[in-house]
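Letter by letter, the chains look like this.
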Amino acid sequence: MKKLVLFFTLVLSLSMILSACAPAATEAPATEAPAEVATEAPPAEPFRVAVVMPSAINDLAFSQSMYDALLRVQGEMGGEAAFEIVYSESMFVVDDAAAAIRDYASQGFDLVIAHGSQYGSSVQEIAPDFPETSFAWGTTVDTFDQPNIFAYEAASQEGGYVNGFLAATLTTSKTIGVIGPIETGDAKLYVDGFKAGALESDPTVTVNVNYIGSFSDVALAAEAASTHISAGADVLTGTAQMVVGAIGKAEEASTPVYWFGTQSNQTSLAPRIVVASQVYHWEVVLTEMIGLIQDGTLGGQSFVINLENGGEVIEYNEAFLLYPDFKELGDLVVSGILDGTYTITLP
Amino acid sequence: MISELFTTTVLIGVLASGIRLATPYLYAAIGETFGQRSGVLNLGVEGQMLLGAFAAFYVTLTTGSLWLGVLAALIVGALMGLAMAFVTVNLHAQQGISGIGFYLFGLGLSDLLFQKMLGTVETVKGFTKIHIPVLSDIPGIGEIFFSQTVLVYLAFALVPVSWFVLNKTTLGLKIRAVGENPDAADSLGVSVARVRYFTVILGGTLSGIAGASLSIALLNVFQQNMTSGLGFIAVALVYFGAWRPWGVMAGALLFSMVNSLQLWIQVLGIPIPSDIAVMMPYILTILVLVVTVSRVRGPSALTKPFEREA
Amino acid sequence: MKKRFRTDWVSRVFDALLPLFATLAALIVGAVMLLLLKANPIQAYQALWDGAFGSSNAFAETLVKATPLLLVGLGICIAFRGDVINIGGEGQMIVGALSATWVGLTLTAWPGWVVITLSLLAGFLGGAIWGGIAGYLKAYFKVNEILSTVMMNAIAVQLMNFLLRGPMIDPSQAELASKIPQTARLLELFRLPRLAPTRLHLGALIAVALAILVYILLWRTTLGYRIRAVGQSPFASRYAGIKVKRYVVMALLLSGAFAGLAGATQVLGVNYRMITDGSATGFTGSAGFNGIVAALFGQLHPILTIPASILFGALLVGANQMQRAVQVPSALVTALNGLVVVFVVSSEIWRRRRQRRRLAAAGAESESAVEADDDHPKSVKVRA
């Protein structure tokens, strides 16, 4: 019995010591538990959104892009009282995500966002059971012909194209390296677009692509970056959350290796070498969806964020622009895509 | 295209990269070796690594001192090891399962602390490469062996030290005795409990340092679940190495170098599907073990709790 | 005589409930963590209970979650009693699921129940092969099963990625540029029927039936006897003429087979297609590991594994509900999961001590006392 108490205390102390090191006022994300009610009298019923995501909200990649967008929409709509956000992150188990989606729907949320292509089956099954709820599913264009499912996608190949184009102008060694997780979905679109843009800019450039087979193996992503660098690459890019390791390696390299990011603005990670990032501004499609929902249309449409509607924005690292016309060149490529001068052909 | 693999650049790259990648595996596996030699299987290595990685990263970030970070990892790992030792030695828990429990706990707790104490992905100034004077200037070999971070050097230095401790010291003798025949050891006056506490806490400490080697040496960042299965591979490598430090090192190097090789294969554009390339280190590890059929039996008391006959 | 028998019965029930008490202890520690996260533990655990048992739908969800745990757990009962440590459940589930999906999508010309049976069989076989390889490597090449199963887990994941991106990809996806790695959806005919409006599917019933079969296998057949004999003492078994190597292979093969079946029922009953996010856990939900825990909760006894899986499934489902209700990070659920495992595993010692005391009391009645501590074949000496 004594030993049990000792063990109990040990585990307890460990948890408490470690948790107690947390600063008193942690920056809690702007969420509300559904049981709580807004204390100030809200102007109208708040618009309630629930989102289910496959990775962490601070992954500096896919999930964060959606979460940041929701926060921006919340800010525009007047804060927590007008716009309620609730989330379940790290829902990589498809089955658990399905339970979450169903649960949020049954709690009466106006919009339930299933932010992950693997959730499609679940949304397809659940949506018919909740005709009053609007569902949004990304990244895809398939709405399953359901009246209450919206679909959204990112034309990440467009920003990829711009990044690739610019990368090709920067490389002195004529070798560029790409680090990806698995060759599917959003990652594949980005990488294919990047390669196309690089080769359009300079057909003599070599673009080496490495899919490391995992979304979470940071060490392997870092070694992939080192391998690229050893193979002569002096510009790198990559997609998904494990690239933070790769960015680190790019920064430590003895000769400057530049980085192009996607999904979120990755400048903060390595201000010395991150050139630009294709940032997803999902709020562009979110505001449209919300508008439609408030007017009574709960689904049946698909949305794309791209360069044209401002859903994808190339955000440059203002601290350093590599040569005077650099940003202008980028803008030129963007307008080239928009007016059709450049066409992105994907394999 | 395959011929592109056989260049000095690739060779040097694979070796240097392999040594770097092997480091966390080496710390964790050596630690596990001690534990297993004394009869304790710890499958919770990955949880210990993640907590150690976070502790090292956070302390380094807030204090600016890398060695304080290492110390933090050490302490956190030791505490986890202590908990595991208690559960194993005093409570005679089924070792495979308790290990998995600690793994899940470490995984969840490290993620939780990361979210609450850091909030975003950040970087630190980690350990830098130390170029050993003169030796690091030797072309090729210099880059591979003599231009690594201090934690890499320490990991490899650990191998002969472990070998010495296990085979040439009284402590090592006690450890091995407890692992082979705890009843006999007990009757000779060796405290089985004390030895196992030592080895398991040591194992936890080394796993913590393994985590630190990831977050403040090899990489400069912490992210949720950044070990991604590393701890389990490390445990597997103990079997590969037949519970001998040199064997474990060989396993860690084999695995990591093949991993490094498959990275090169992809980078050079050799047309092997990426999924197949990623499989290579795992398949090869099994194959090598099959081919080098080992007659070595493991510690006889491995996974069996010790209870003194009344 | 009667009085002792009754207290003995009560005592046994208490032992069976020990995992429950341990779980409660773990939840108390969890409450502390909840407080530190500025969440209300009462509200949280209310949500946990509601999520697991609060409504017929919730209970159905618990059973759905418990099904793969039970199936993997049955395999583990066989494995551990054969003294092999099978931590390859994740990989075996994946291979079983892939096999079952392939059959379900290819043999579309045949009647529904035929295809379903064949798919399940394919899942069983797929997992059997994957586990059997590890068994073969152990028996004939002395490759430790912990090493081989860990490696084969990783290989299975890459195999899944390869197949789902390529040969097995949904044809409609293949045309799109994004190529989500998933197979086509199984036709209505070839899915396991559900108890509408819940998600409870036939797989749960199949699992319970199999639990009974495994019990019969282990204690009423020669095969089971030999697996257990080899598990208790390979030396004595060999002396008694049992081909030890063969039964080592069988233990891992059967264990893998049940895990494979778990994967198959997930596809046929829950998801209706095979889908990946690139990791093992995305598909399995860690059932390959949690099934081991469930088997332990059930004292490695197939029938007891049924309530153990339900309890554990309830915990997992309820914890997710709790996460949503009080908006704590899902990492807390993982940590809680780990705490429960550690606490339950630690509580075993009391059960064993009490059991030993009971047997000692019974042994005082008779001359020869042979301890039949079935559940931990290796921690007890047999007194001849």
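Everything numeric here is computed off the predicted structure, so don't read it as measured data.

About the criteria used
- Counting starts from 1 at the beginning of each chain's written sequence and moves along it residue by residue.
- Throughout, the order in which chains and ligands are written sets their labels, letters from A for the former and numbers from 1 for the latter.
- Restriction of local features to residues with pLDDT of at least 70 applies here, the model being predicted, together with a cutoff of 80 or more for giving and counting side-chain atom pairs; totals for whole chains, interfaces and linings are based on all residues.
- Helix and strand labels come from DSSP, where a helix needs a run of H or I of at least four residues and a strand needs a run of E of at least two; each type is numbered from the N terminus.
- Only the C-alpha atoms count toward the radius of gyration. The rule for a globule is 2.2 Å times the residue count to the power 0.38.
- Exposed residues have 12 or fewer other C-beta atoms within 10 Å of their own C-beta, buried residues have 20 or more, and partly exposed residues fall in between, where C-beta atoms are placed from the backbone.
- Once C-beta atoms have been placed from the backbone, residue pairs whose C-beta atoms lie within 7 Å are recorded as contacts.
- Think of it this way: DSSP has to see at least two bridges between two strands before they count as a pair.
- Lines fitted to C-alpha atoms define the axes here, with helix axes fitted over just the stretch in contact, and angles between the N-to-C directions of these axes take values from 0 to 180 degrees.
- Throughout this entry, Asp, Glu, Lys and Arg are counted as charged residues, while Ala, Val, Leu, Ile, Met, Phe, Trp, Tyr, Cys and Pro are counted as nonpolar. The remaining residues, Gly among them, count as polar.
- Residue count minus one, scaled by 1.5 Å, sets the expected span of a helix.
- Every residue carries a pLDDT, the predictor's confidence in it, which falls somewhere between 0 and 100.
- These domain limits were set by an automatic method or by a database of domain assignments.
- Angular relationships are summarised with four words: roughly parallel below 35 degrees, roughly antiparallel beyond 145, roughly perpendicular across 65 to 115, and oblique for the angles in between.
- What makes a crossing left-handed is the near helix being turned counterclockwise from the far one by less than a right angle; a clockwise turn instead makes it right-handed.

Caption draft 1: Representation of the overall build of chain C within the structure. Per the secondary structure count, chain C includes 15 helices and 0 strands. Against the globule reference of 21 Å for 384 residues, chain C gives a C-alpha radius of gyration of 22 Å, in line with a compact fold. In terms of overall dimensions, chain C has C-alpha extents of about 75 × 60 × 35 Å along its principal axes. Counting over 384 residues, chain C shows a buried share of 60%. Within chain C, contacts between residues at least 6 apart in sequence are counted, and of these 77% link residues at least 24 apart.

Caption draft 2: Representation of the sheet that holds strand β8 (residues 235–238) of chain A within the structure. Residue and element names in this part refer to chain A. Strand order in this open sheet of 6 strands is β7-β6-β8-β9-β10-β12, and the pairing throughout is mixed. With partners counted over all chains shown, the strands left at the sheet margins are β7 (206–211) and β12 (312–316), one partner each. Recorded for the sheet is a direction-independent mean angle of 15 degrees between the axes of neighbouring strands. With 5 bridges joining them, strand β10 (residues 274–280) and β12 adopt antiparallel strand pairing. Paired with Tyr-280 across the two strands is Glu-312, which belongs to β12.

Caption draft 3: Representation of the environment of Thr62(C). Residue and element names in this part refer to chain C. The topology assignment puts Thr-62 in helix α3 (residues 56–81). A sequence separation of 267 residues divides Thr-62 from Pro-329, and the C-alpha atoms of the two residues are 21 Å apart. Apart from residues no more than four positions distant in its own chain, Thr-62 is found in contact with Ala-52, Phe-53, Ile-310, Gly-313, Ala-314 and Val-317.

Caption draft 4: Focus on the interface of chain A and chain B. Contacts between the two partners involve 38 residues from chain A, matched on the other side by 37 residues from chain B. Elements supplying a minimum of two residues to the side of chain A that touches chain B: α1 (2–20), β7, α7 (218–230) and α8 (243–252) of chain A. Of all the elements, α7(A) adds the most residues to the side of chain A that touches chain B, at 9 residues. Its residues placed into classes, the side of chain A that touches chain B shows 18 nonpolar, 15 polar and 5 charged.

Caption draft 5: Spatial organisation of the interface of chain C and chain B. Listed by partner, the interface residues are 36 residues for chain C and 43 residues for chain B. Contributions of two or more residues to the side of chain C that touches chain B are made by α5 (112–141), α6 (145–165), α13 (287–297) and α15 (330–363) of chain C. In terms of residue count, α15(C) provides more of the side of chain C that touches chain B than any other element does, 13 residues in total. Considered class by class, the residues forming the side of chain C that touches chain B number 24 nonpolar, 9 polar and 3 charged.

Caption draft 6: View of the sheet that holds strand β4 (residues 134–138) of chain A. All names here are of chain A. What the 6 strands build is an open sheet, ordered β2-β1-β3-β4-β5-β11; its pairing is parallel. In the strand order of this sheet, the two ends are held by β2 (83–88) and β11 (302–305), each with one partner. The average angle at which neighbouring strand axes cross in this sheet is 20 degrees, direction not considered. Of the strand pairs in this sheet, β4 and strand β5 (residues 149–154) are connected by 4 bridges, and their pairing is parallel. The partner of Trp-137 across the bridge, within β5, is Ala-151. Sitting on the sheet, helix α9 (residues 283–295) is in contact with β1 (47–52), β3 (111–115), β4, β5 and β11, with an inclination near 155 degrees to β11.

Caption draft 7: Focus on α7(A). Residues and elements named next belong to chain A. The terminal C-alpha atoms of α7 lie 18 Å apart, and with 13 residues this matches the ideal 18 Å at 1.5 Å per residue to within 8%. Counting buried residues in α7 gives 13 out of 13 residues, a clear majority hidden from the surface. Positive phi shows up at Gly-232, right after α7, with a value of about 110 degrees.

Caption draft 8: Quick look at the confidence of the model for chain A. Taken over all residues, the pLDDT of chain A has a mean of 83, while the share at 70 or more is 87%. Predicted confidence for residues 18–42 of chain A stays below pLDDT 50, and this span has 32 contacts to residues more than four positions away or in other chains.

Caption draft 9: Quick peek at the domain arrangement of chain A. Split by domain assignment, chain A resolves into domain 1 (45–155 + 282–305) and domain 2 (156–279 + 312–339). Taken together, the contacts link 12 residues of domain 1 of chain A with 13 residues of domain 2 of chain A.

Caption draft 10: Representation of the packing of helix α3 (residues 66–90) of chain B against helix α4 (residues 95–118) of chain B. Residue and element names in this part refer to chain B. Interhelical geometry of α3 versus α4 gives an angle of 150 degrees and a closest axis separation of 10 Å. For the element pair α3 / α4, the angle class is roughly antiparallel. Handedness of the α3/α4 crossing: right-handed. Counting all contacts with α3, which are made through Met-80, Met-84, Val-87 and Thr-88, the residues of α4 involved are Gln-95, Ser-98, Phe-102 and Gly-106.

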